[in-house]
Every structure is written in structure tokens, then in C-alpha cells.
Amino acid sequence: MMKVLVYGIGVIGSLTVHELCHAGNEVTVVARGRWREVLSHQGLRIKTCFGKKEWTDHPKVLDQYDGKTYDVVFSIMQNQQQYRLLDTLGVVEAKYLVLVGNNLHSREMQQMLTAQGWDPDRILFGFQTSAGVRHKDYTEVVTFGSPGLTLGHVNIDLSREEKDFFRRLFDGSKMKLTFMDDMGSWYRCHAAFVLPAAYLCYCHHCNLRTCTYRDAKAYIRAGTEAYDFLKSIGTRIRPVNDDRNLYGVRGVLLTMGMWLAAKTKPGELAVSNHCRNAVTEMQSLDEEFNRLRNRNPSFPMPAFDRLRGAMPDWKRLHEEYDKTKDEK
């Protein structure tokens, strides 16, 4: 049994906490406001999409770091939220620190944490493949099978000791671990996959059920250009050969799969709902990816730019969806 501290109990954080508890760890979460009251009084309730399964866990709930030493600390939140938490994470005592979420600033964040005294070899980055929505007193999740957590350092592989540590941490849970040798490149490749989907989603007012097969093909073309651009600036494709899914027969199958998935509730939770509730995160990814394009400004990306240019501007998106989120 390991002692684990978790910041960020949204959809991804909730499922991670559940798997950590299921593995028999001593889990403590930091939460505030109404959600802290919910967790303290009824525990962490999770329902799977369509309500086929339901779990309730009872991690210890704090409103701030208690000064104790932990085996590992997870920070699971959107990129811009991670920035605001770095000073707090800098003083936490733990063997490992894992930042989970979309993150095109992983190198910069590692440098900032190192400046606060963290050993860079003890800082890891990750991404979990699940989605959902947090309701008033429970979290609804869709995992596309067993939940998966990709883990690694910014640009080096994990040691055998580190891999064994995280295997033990999740031993007995359903979490499928994938160890990555270059999370910095992995995040860039993930952005190449995610951003065209976000652009398309905003073009359809966060309702991908209205998208056509032609729209799905436009998404694939834009993603192909984004991967090709990354290769042009020396980014390693991670996972290895991941870009091959966009070409030839695989590309046709992926196009059909994306088009069909967009019509389902899991697809809605994974893309439409996330884009609706994470405009700031998507804008941050967009701005950072387009800053990367300054490294090779002449590289042609017509399909990518056409899809990006067709959506409303970020100011308008904030006005529409931030207001909707505040009204909930």
C-alpha cells in the first residue's frame, strides 16, 4: 500500500482516484468548495456511461496540503490550471510528482519545478484516456474499455525502478499503463490529433452529431498535415508510427470510425462535451501549437488552416461556452 496525494478531482482525476483506491492504496485528495463537501459526506461516486456500473470510494479529503510525505503526488487538470498549482506542488514532499493532462509546456513546467528544488528525475508527465462529465453529486465516465494511463519523462525513458514502482501502485486495478520514452513529443503528437477535432467541433457548435462524412475526411487531412509538420521540425512520432493510422486503408477506417463515433453518447462525452467545457484549454493548445509553426513557417498546412479558420474566434467561443458553464 502506498500513500498517494491527488490534486484535481474532475472526470479524469475521479477515475484515477477510483483505480488507486481499488488497488488498495491510501489515497488523499485535495478539493475545495461544494465538491469537497460532496466528497466528504457521500464519498466519490462514479457511474459508467449508460449507468451499467457504479462505484463509491472514500479517499481522505483535504482542502490543502497537510505537510506529510507521500510516495507519489498526482496533479490532474488542464494545462493552464497546472501553471497556477506549480508553487503549491513545489513544496510537497514526495518521491514522485506526476502531472497529468494535455501539456505542450512540459519542458517549461519541469524547469520551474526544478527551480523550486524538485529533482527532474522525479518529475513525470502523463495522459489518461477517458472522458465524461461531472454532475452535481457524481461523475459519469466513458473509458473505451479499460482506462489507460501513459506515463513518462519529458524526453527520456523511465528506469526499471520507476516502471516497477508504478506497476505496484496500480497493481490490482484496471488501469492499463503505457510507459513512454518521450512525453514531450507525445504531447505534440496528441495535439496534432486533438486540435483538428476541436476545430471541427466548434464549427458544429459542439454538436458533432451534425458532422458529415466529408467533415470527418477534412479532420483526417488536417491531422495528417499536423503530423507531417511535426516531423519537419524534428519531433519524434510518439507512439512510434502513430501517424500511419492517418494514411491509406487505416486512414479510411479511421475516418469512418470518427464519423460514426461522433453520433454516439461516448463520442459526445469524449469530444463535444470536453470542448464545450474546456475552451481555455483548447485555446492554450491552439496557441502553443501555432507558436511551434514558427519553427517552419513555410510548411504548407492548407486543410489544417481551412478547418481552423472556419470555426468562431476564441473570444466568441468564450462568450458562448463560459457563460453556459457558469449557468450550470
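None of these values were measured; they are calculated from a predicted model.

Q: Explain the packing of helix H6 (residues 183–203) against helix H7 (residues 213–232) to me, using residue names and the numbers behind them.
A: The interhelical angle for the contact between H6 and H7, taken along N-to-C directions, is 150°, at an axis separation of 9 Å. Viewed along their axes, H6 and H7 adopt a mutual orientation that is roughly antiparallel. For the crossing formed where H6 meets H7, the hand is right-handed. Where H6 approaches H7, its residues Arg188, Cys189, Ala192, Phe193, Pro196, Ala197 and Leu200 are matched on the opposing element by Asp215, Tyr219, Ala222, Gly223, Ala226, Tyr227 and Leu230. Among the residues making up the contact of H6 with H7, the classes are represented as 11 nonpolar, one polar and two charged.

Q: Describe the environment of threonine 264, naming the residues involved and giving the relevant values.
A: The topology assignment puts threonine 264 in the loop between helix H8 (248–261) and helix H9 (265–277). Look at threonine 264 and you get partly exposed, because its relative accessible area is 33%. Between the C-alpha atoms of threonine 264 and aspartate 215, which are 49 residues apart in sequence, the distance is 16 Å.

Q: Tell me about the packing of aromatic side chains, and please be specific about residues and values.
A: The final tally for this structure, using the stated rule, is 15 aromatic pairs. Their ring planes at 80° and their centres at 5.9 Å tell us that phenylalanine 193 and tyrosine 219 sit as a pair that is edge-to-face. Taken together, the residues phenylalanine 193 in helix H6 and tyrosine 219 in helix H7 connect sequence positions 26 residues apart. Overall, the relative accessible area of 31% leaves phenylalanine 193 in the partly exposed class. According to the relative accessible area criterion, tyrosine 219 is buried, its value standing at 4%.

About the criteria used
Residues numbered from 1 in each chain as written. Predicted model: local features only at pLDDT ≥ 70, side-chain atom pairs only at ≥ 80, totals over all residues. Heavy atoms only, no water. Axes fitted to C-alpha atoms, helices over the stretch in contact; angles between N-to-C directions. Helix = DSSP H or I, 4+ residues; strand = E, 2+ residues; numbered from the N terminus. Parallel < 35°, antiparallel > 145°, perpendicular 65-115°, else oblique. Left-handed = near helix turned anticlockwise from the far one by under 90°. Contact = heavy atoms within 4.5 Å. Nonpolar A, V, L, I, M, F, W, Y, C, P; charged D, E, K, R; others polar. Buried < 20%, exposed > 50% of the residue type's maximum accessible area, 1.4 Å probe, protein only. Phe/Tyr/Trp six-rings, centres within 6.5 Å; stacked < 30°, edge-to-face > 60°.

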